[in-house]
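This is what each chain is made of:
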Amino acid sequence: MSAFPTAALVAATGLLLASTQARAQAAEPPVVQVSEEGFTLSSADKAFVLKLRGQLQGDGRFYLADTDHTGTNTFIVRRMRPILEGTLFGFVDFRLMPDFGYGQSIIQDAYIDFRPGEWVRLRAGRFKTPFGLELLQSDMDNPFIERSLTVDLVPNRDEGLELHGEGEGGRWQYSLAVVNGDPDGASTDANIDDSFDLVARVFALPFKGREPSFLQGLGLGIAVTRGLQFGTATNTGLAPARSTGQLIIFSYLSNADTGETVTAHGLHLRLAPQGHFYWGHFGLLAEYVRSSQEVQRGDARARLRHHAWQTAVSWVFGGKASFEGARPTRPFNPKTLEGGALEVAARYHALDLDDAAFPRFANPSRSVSHAKGFGVATTFAFNRRVRFALNFHRTNYEGGAPDGDRPPENALLSRFQLTF
């Protein structure tokens, strides 16, 4: 037999086997799973995966000893988020998460991840800016109902590109991003100028999976942002600061105040050293944020330097503490009233706004210059997905009132939470 017919026979046999294998894989039914992780539909080889998940938070806010009625006691749907995420072709991930909380309809996450390997991923779309540690922790896992005062200086969600990944089983993580550029404590939907922000973050868990075991929950990192931001009278590039009770405690002057609006105008730099430590029942999270922002009002310009920091400690009874939230040893059984986990946490945090902001760029009779707060939190985790929380936060202020200091805020917060 000649070589040509032999080669043709081998090639035909290979094509036949490949076709048979493809038909066999196609004939395999899809896999449907229903669990506490949500609803999952996938192909047999997991190359195509579709997940339906959700988050729901019902909150109560109550302001104690509020003789000036600065806050309104209310019940609200804080977050209501259906989540659609999945994988295509085995290496393209996606996530879509709208939010209907506060009676609004907004898109929180909408991105695609190109994933050739765990050490390198390219993300495009709308996502959390890789900067603040507490903000990168899911609000479903935070032991506190509202985040600390540090988020007033942290960019939230933005549109852009992010190169990120991890190595050595998660012992190190990195993120490099180019985004439109958020104001401090806010999210944006579009670029208001021709400039972009550069974001870099590295985080290490050097003892993960190693000895000594009590250091496996130690994580340390640092994040920076740099960008040029130029606002306008209609889109200033600046955002107000809010208290733990979500009341505005600082804002820049606007046209309604003086006939001149303060806008972002120039270089914006941020720096955030950060870390956490979890060991058994114990948890600790700490971070510091510095934001240096150039602003303008009329012909006056200044570089304002704001600072914020926080330290939070927690202890979990009946479970383990982790950055991903309290993990009960056993889920709660309503028939026996056994199981579940109780997490108790305390936090001290502060926000220091540059004295140079007053009175040229902010009104000292309405905007505070310093805020310091202490909060305690109790959370009962029925299981990993159902929680009830009760928090109390007291915040003291300097400035912010016509006659001196704004009265302290005493906020009692409650939450029922469901995730799946």
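An account of the accompanying structure is given in this report.

Definitions and limits used
Residues numbered from 1 in each chain as written. Predicted model: local features only at pLDDT ≥ 70, side-chain atom pairs only at ≥ 80, totals over all residues. Heavy atoms only, no water. Helix = DSSP H or I, 4+ residues; strand = E, 2+ residues; numbered from the N terminus. Areas by Shrake-Rupley, 256 points an atom, 1.4 Å probe, with all protein chains shown as cover. Lys, Arg positive; Asp, Glu negative; His and termini not counted. Charge placed at Lys NZ, Arg CZ, Asp CG, Glu CD. Core = buried A, V, L, I, M, F, W, Y, C linked by side-chain atoms within 4.5 Å. Buried < 20%, exposed > 50% of the residue type's maximum accessible area, 1.4 Å probe, protein only. Contact = heavy atoms within 4.5 Å. Salt bridge = Lys/Arg side-chain N within 4 Å of Asp/Glu carboxyl O. Phe/Tyr/Trp six-rings, centres within 6.5 Å; stacked < 30°, edge-to-face > 60°. 1 Å grid on protein atoms, 1.4 Å probe; cavity = no way out; pocket = protein on both sides within 12 Å on 5 of 7 lines; lining within 4 Å. Points joined across faces, edges and corners; volume = space filled by probe spheres on them. Nonpolar A, V, L, I, M, F, W, Y, C, P; charged D, E, K, R; others polar.

Take the overall build of the chain next. In terms of helices and strands, the chain carries 3 helices and 23 strands. Along the longest, intermediate and shortest principal axes, the C-alpha atoms of the chain span 105 × 60 × 45 Å. As displayed, the chain offers around 20500 Å² of accessible surface, 63% of which is attributable to carbon and sulfur atoms. Put simply, the chain has 42 plus and 45 minus side-chain charges, and the middle of one group is 4 Å from the middle of the other.

Our next topic: the nonpolar core. Membership of the largest hydrophobic core comes to 29 residues, with the highest contact counts inside it found for I249, F250, Y252, V262, V295 and L351. Listed by contribution, the elements that provide at least two residues to this core are β13 (248-250), β14 (263-279), β15 (282-297), β16 (300-317) and β20 (368-381). If you tally residues by element for this core, the top one is β16, at 3 residues. Ignoring any residue separated from it by four or fewer positions in sequence, one finds I249 in contact with A241, R242, S243, L351, R366, S367, V368, A371, Y397 and R406. Within the second largest apolar cluster, 10 residues are counted, among which are Y278, L285, F323 and A341.

Here we come to the pattern of salt bridges. Under the defined criterion, the tally for this structure stands at 23 salt bridges. Put simply, R79 and D139 hold a salt bridge, and the shortest N to O gap is 3.2 Å. Highlighted residues: R79 in strand β4 (residues 74-88) and D139 in the loop between α2 (133-136) and β8 (157-167), separated in sequence by 60 residues. According to the relative accessible area criterion, R79 is buried, its value standing at 5%.

This structure, assessed with the given rule, holds 14 aromatic pairs. Ring geometry for F48 versus F89: centroids 5.0 Å apart, planes at 70°, classification edge-to-face. Highlighted residues: F48 in the loop between β2 (38-42) and β3 (49-63) and F89 in the loop between β4 and β5 (92-99), separated in sequence by 41 residues. A relative accessible area of 57% means that F89 is categorised as exposed. Relative to F416, the ring of F388 lies with its centre 4.6 Å away and its plane at 40°, an arrangement referred to as tilted. Of this pair, F388 sits in strand β21 (residues 386-401) while F416 sits in strand β23 (residues 409-419), and the two are 28 residues apart along the sequence.

Moving on to empty space enclosed by the protein. Overall, the coordinates contain 5 cavities of 30 Å³ or more when judged by the stated rule. Put simply, the largest cavity is a space of about 130 Å³. Surrounding the largest cavity, 19 residues form its lining, Q137, P143, Y278, L285 and A312 being those nearest its centre. Counting residues per element, the ones that place at least two in the lining of the largest cavity are β15, β16 and β19 (341-352). Counted by class, the lining of the largest cavity contains 8 nonpolar, 7 polar and 4 charged residues. Considered as a void within the structure, the second largest cavity measures approximately 110 Å³ in volume.

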